[in-house]
Amino acid sequence: MVAVAALAAMVALPGCAPAGYNAADYGNAAEPAAADVAVTPGAAATDGAVDPNAADPTAESTAPADPGDGDAAEVGDDRLTKSLTGASVARMGKVVEDQNGFVLYRFDNDGDDPAKSNCNGDCAKVWPPALTNDGKPTLKGVNQKLVGTVTRADGTKQLTLKGWPLYRYVGDKKPGQWKGQNVNGKWFVITPTGTKNLTCLPKVSKPVAPPADDAGGAAGDSGDDYSY
């Protein structure tokens, strides 16, 4: 009981939130993040929380193969995720970043065995998938055996980590931010071993609105009606 109470207190502390935290950035949601956030395959739980620094006993396993890889559509160089780097950021701990230093996420509505992405349409505008053409990003601090690919509904190929499709969040405006943590209680920062990083859980929040279609468009305010 003491451990659970301590964890709950830690979650409530402002110091747990990203630097420059503003409740408005998280949708002003009233529902607090619980200590017993559901963990999914590939995540170990201790009092409902995942220790991102704990050794993963299955870290040597190979991510499921994607049978559709041969038919994947090619994407332009500017849309590719060219590297996956295991890093550590303030208040959150271990994360995976792309070549630009942006933190990557996993989505509870996806599948990991077999890998499957269920974020398409407007969802993919808010959560851009980590796309690849050859499935061979430069890796640092990430086990090659855990990296795979999945073919998306539009025919493009997306990188996976321990079977989980990887995404960036348009609400993160600069490298190292993780404002997508606990959005809709379904999106979580991913660790280098593919587990959810539950070190810090801001209140459950809504995602930002999809970017405007015009060339100068940017992500809008919190999207009240968005379920992703």
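Structure: above.
Residues numbered from 1 in each chain as written. Predicted model: local features only at pLDDT ≥ 70, side-chain atom pairs only at ≥ 80, totals over all residues. Heavy atoms only, no water.

A. Summary view of the overall build of the protein. The secondary structure content of the protein amounts to 2 helices and 11 strands. Listed N to C, the secondary structure of the protein is α-β-β-β-β-β-α-β-β-β-β-β-β in terms of helices and strands. Buried positions account for 48% of the 228 residues belonging to the protein. Partitioning the intrachain contacts of the protein with sequence separation of at least 6 by distance along the chain shows that 68% fall at a separation of at least 24. As presented, the protein carries roughly 10600 Å² of accessible surface, and 53% of it is formed by carbon and sulfur atoms. (Helix = DSSP H or I, 4+ residues; strand = E, 2+ residues; numbered from the N terminus. Buried < 20%, exposed > 50% of the residue type's maximum accessible area, 1.4 Å probe, protein only. Contact = heavy atoms within 4.5 Å. Areas by Shrake-Rupley, 256 points an atom, 1.4 Å probe, with all protein chains shown as cover.)

B. A look at the sheet that holds strand E1 (residues 83–89). Taken together, the 3 strands give an open sheet; going across it, the order is E2-E1-E7, and neighbouring strands pair in mixed fashion. The two strands at the open ends of the sheet, each matched to only one other strand, are strand E2 (93–97) and strand E7 (138–140). Taking the axes of each pair of neighbouring strands and ignoring which way they run, one obtains an average angle of 25 degrees across the sheet. Summarising the sheet, E1 and E7 pair through 3 bridges and their orientation is parallel. Its bridge partner being in E7, Ser83 is matched across the sheet by Thr138. (Pairing = 2+ DSSP bridges. Axes fitted to C-alpha atoms, helices over the stretch in contact; angles between N-to-C directions.)

C. Spotlight on the pairing of strand E9 (residues 157–161). The element E9 is extensively covered by neighbouring structure, given that 5 of its 5 residues are classed as buried. Burial along E9 is two-sided: Lys157, Leu159 and Leu161 facing one way and Gln158 and Thr160 facing the other are all buried. Pairing geometry for strand E6 (residues 131–132) and E9, over 2 bridges, is antiparallel. Counterpart to Thr132 in the pairing with E9 is Lys157.

D. How the structure looks around the state of the cysteines. One pass over the full model with this rule turns up 1 disulfide. Two residues share a disulfide in this structure: Cys119 and Cys123, whose sulfurs sit 2.0 Å from each other. Taking the torsion about the sulfur-sulfur bond, which here is approximately -110 degrees, the covalent link between Cys119 and Cys123 counts as left-handed. The same class applies to Cys119 as to Cys123, namely buried. (Disulfide = S-S within 2.5 Å.)

By themselves, these observations are geometric and do not establish any function.
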